[in-house]
Amino acid sequence: MRILLRTFIVPLIFMCLPWSLSAAQPVLQSIRFTPGDNVLHLEARLNQPAIVHIFRLQHPTRIVLDFDGVRMKASLKKTGLPLGGVYGMRYGYPQKGVLRLVLDVDKTIRFQHRSSIKSAELRLDLLPFAAHLPAAAAVSSTKNPAAKTAEPPRTMVVVIDPGHGGHDPGARGLAGTREKDIVLAIAKKLANEINQAPGMKAVLTRAGDYFVPLRGRLHRARKDRGDLFISIHADSWFDHDATGASAYTLSRHGATSEAARWLAGRENDSELAGVNLRELGDQSAVLRSVLIDLAQTATIQDSVHLGSAVLQPLGSVAGLHYRHVEQAPFMVLKSPDIPSVLIETGFLSNVKEELRLRDPAYQTALARAIFSGVSAYLKKYPPARV
Ligand SMILES: [Zn+2]
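Below: a short report on this structure. Note that the structure is predicted; figures quoted are calculated from it, not measured.

**Topic: helix H3 (residues 179–196)**
Then step 1. The end-to-end C-alpha distance of H3 is 26 Å, a good match for the 26 Å that 18 residues give at a rise of 1.5 Å each.
Then step 2. Buried within H3 are the following residues: Glu 179, Lys 180, Ile 182, Val 183, Leu 184, Ile 186, Ala 187, Leu 190, Ala 191, Glu 193 and Ile 194.
Then step 3. Taken together, the buried residues of H3 touch strand S11 (156–162), strand S12 (200–204), strand S13 (228–235), strand S18 (340–347), helix H7 (351–358) and helix H8 (360–380).

**Let's talk about the pattern of salt bridges**
Then step 1. In the structure shown here, the tally under the stated rule is 12 salt bridges.
Then step 2. Between Arg 217 and Asp 161 there is a salt bridge, and its shortest N-O distance comes to 2.8 Å. With Arg 217 in helix H4 (residues 214–223) and Asp 161 in strand S11, the pair connects residues that are 56 residues apart, well separated along the chain.
Then step 3. For Asp 161, a relative accessible area of 1% translates into the label buried.

**Brief notes about the coordination of the zinc ion**
Then step 1. Taken together, the protein ligands of the zinc ion are His 164 (NE2), Glu 179 (OE) and His 233 (ND1), with distances of 2.0 to 2.1 Å.
Then step 2. Sequence spacing among the residues donating to the zinc ion works out to H-x14-E-x53-H. A residue pair is termed long-range when its members are at least 10 positions apart, and Glu 179 in helix H3 and His 233 in strand S13 qualify at 54 residues.
Then step 3. Overall, Glu 179 belongs to the buried group, its relative accessible area being 3%.
Then step 4. On the accessibility criterion, His 233 (12% relative accessible area) is buried.

**As for H4**
Then step 1. Residues of H4 that are buried: Arg 217, Leu 218 and Ala 221. Projection of H4 onto a plane perpendicular to its axis shows the buried side chains occupying an angular sector of 100°, all on one side.
Then step 2. In this structure, the buried side of H4 is in contact with S11 and S13.
Then step 3. Just beyond H4, the residue with positive phi is Arg 225, at close to 50°.

**Thoughts on the packing of H7 against H8**
Then step 1. One can describe the packing of H7 onto H8 by two numbers: an axis separation of 5 Å at closest approach and a directional angle of 85°. By the angle between their directions, the pair H7 and H8 is classed as roughly perpendicular. Along the contact surface, H7 presents Arg 356, Leu 357 and Arg 358, while H8 presents Pro 360, Tyr 362, Gln 363 and Leu 366.

**Structural notes on the packing of aromatic side chains**
Then step 1. In this structure the tally under the stated criterion is three aromatic pairs.
Then step 2. Geometrically, the ring pair formed by Tyr 91 and Tyr 93 is edge-to-face, given 6.3 Å between the ring centres and 90° between the ring planes.
Then step 3. Overall, the relative accessible area of 43% leaves Tyr 93 in the partly exposed class.

The rules behind each value
- Residues numbered from 1 in each chain as written.
- Predicted model: local features only at pLDDT ≥ 70, side-chain atom pairs only at ≥ 80, totals over all residues.
- Heavy atoms only, no water.
- Helix = DSSP H or I, 4+ residues; strand = E, 2+ residues; numbered from the N terminus.
- Expected span 1.5 Å × (residues − 1).
- Buried < 20%, exposed > 50% of the residue type's maximum accessible area, 1.4 Å probe, protein only.
- Contact = heavy atoms within 4.5 Å.
- Salt bridge = Lys/Arg side-chain N within 4 Å of Asp/Glu carboxyl O.
- Donors = N, O, S within 2.8 Å, 3.2 Å for Na, K, Ca; no water.
- Arc of directions from axis to C-beta.
- Axes fitted to C-alpha atoms, helices over the stretch in contact; angles between N-to-C directions.
- Parallel < 35°, antiparallel > 145°, perpendicular 65-115°, else oblique.
- Phe/Tyr/Trp six-rings, centres within 6.5 Å; stacked < 30°, edge-to-face > 60°.

Have a look at this one:
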């Protein structure tokens, strides 16, 4: 059971560098909760910066803050809890040298980290997941009094990536169908569905028959502040009997090497899961790599949820080649903080499926199935970024 529970850990972000070389043990001096508009602010003050790991646990829902090498001096008597979906708070030392604060929260509550990297003050915003839903929905699903002031919905940007293009035709069917053509057609239909949905916007990584390098596709997703990334492909296989759609997310192996590349390149001068990587000095390469790794781990979990949500409706239209989301080190899935999924819509190497994939009505049905999976995912797992 303990092992099972661990898999629910979504490590998001942690803070505070040990800048100071002071030998004195860091002390947690005070904890304060301040309600704001649709948010509860938590401020934990230390006498010096320390490393803090923050994550969310389920069953029951808790937000856990592990302070490395910190001693507890703060009083939990005057926190004013329960407040804003946070029912209570306790602390302990689960292992030597680790101070653990546990917030018992409503399952609708997520956290967002707000501190500066060099600060001895840890600031956390506790918000309802449903903050972007209509206020009535947010209030009914949480005891958070602040949820009454839910903000208007933010437009969700879905980046659609039609595979191949230009001099790269992709897979080829027996009847001569080129993957690059049918995936572009499906992608445009999907963009249409998305653009018609309120609060959603589609961005295409290519809108015609031209070549876009794989990293260029990732850059596009980043530049357009994509919330989700969906790459559309069609398979080919030497076994002509193979049929059905499948969904892929990034495997951990691929993730690690891309994190290393982020470290080496200039791409890391941006914000990742709420942390401005520019604020990390050159000396903090290790911390930077851990940050990217944590963000990527959480993103892969989100991607698997997204893939599963898409597979369900897709299966009823196309049949499934694999019943579960597969993992592979595909380059286009390597954004550390954008849930990304690659969909193989079917097999061009199968005569029947090739004919179906050429059919505009079938392409529309595929696009609608993918769209309904995306909407289901966004409803269930609204992006944390606001
Ligand atoms: Zn392809």
